Amino acid sequence: MSLAGRASEAAAISAARHRCVGAGQCVLAAPAVFDQDEEEGLVLVLDEKPPASQSDAVRAAVRACPSGALALR
Ligand code: SF4
């Protein structure tokens with residue numbers, strides 16, 4: 001990614017998989033950033049440092065998560 005691209009990144013995402021209950025709200029809110037694994041349905045972060053264009057979707061995902069598994073840092 002270019003330096004200009006880095007400058008427009010959103011906050012980095014951390015996901016505590018041990019807290020995830022597999023509700024899938026994060027995937028609905030930001031499908032370009034989150035997925036669920038096929039075995040347990042637990043969250044997978046596809047892009048830990050998503051572009052700024054995903055900021056609103058990522059924040060919606062963090063708010064929607066029922067278990068508090070997602071955080072921005
Ligand atoms: S919304 Fe929260 S609990 Fe649901 S899959 Fe995503 S991280 Fe897990």
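Scroll up to find the structure this text is about.
Cut-offs applied
Residues numbered from 1 in each chain as written. Predicted model: local features only at pLDDT ≥ 70, side-chain atom pairs only at ≥ 80, totals over all residues. Helix = DSSP H or I, 4+ residues; strand = E, 2+ residues; numbered from the N terminus. Buried ≥ 20, exposed ≤ 12 C-beta atoms within 10 Å, placed from the backbone. Contact = placed C-beta atoms within 7 Å. Near = placed C-beta within 6 Å. Nonpolar A, V, L, I, M, F, W, Y, C, P; charged D, E, K, R; others polar. Core = buried A, V, L, I, M, F, W, Y, C linked by C-beta atoms within 7 Å.

1. A short note on the overall build of the chain
When helices and strands are counted, the chain shows 3 helices and 4 strands. In the chain, the succession of helices and strands from N to C terminus is α-β-α-β-β-α-β. Looking at the chain residue by residue over its 73 residues, the buried ones come to 22%. Within the chain, contacts between residues separated by at least 24 positions form 65% of all contacts whose residues are at least 6 apart in sequence.

2. As for the site of the ligand
In the vicinity of the ligand there are 15 residues, among which C20, A23, C26, V43 and C65 approach most closely. Classifying every residue of the shell around the ligand gives 10 nonpolar, 5 polar and no charged.

3. Some remarks on the nonpolar core
If you look at the biggest cluster of nonpolar residues, it comprises 15 residues, and the most contacted ones within it are C26, A30, A61 and L70. Counting residues per element, the ones that place at least two in this core are β1 (13-15), α2 (25-29) and α3 (55-64). Looking at which element gives the most residues to this core, the answer is α3, with 3 residues. Aside from chain neighbours lying at most four places away, what touches L70 is I13, A15, C26, A61, V62 and C65.

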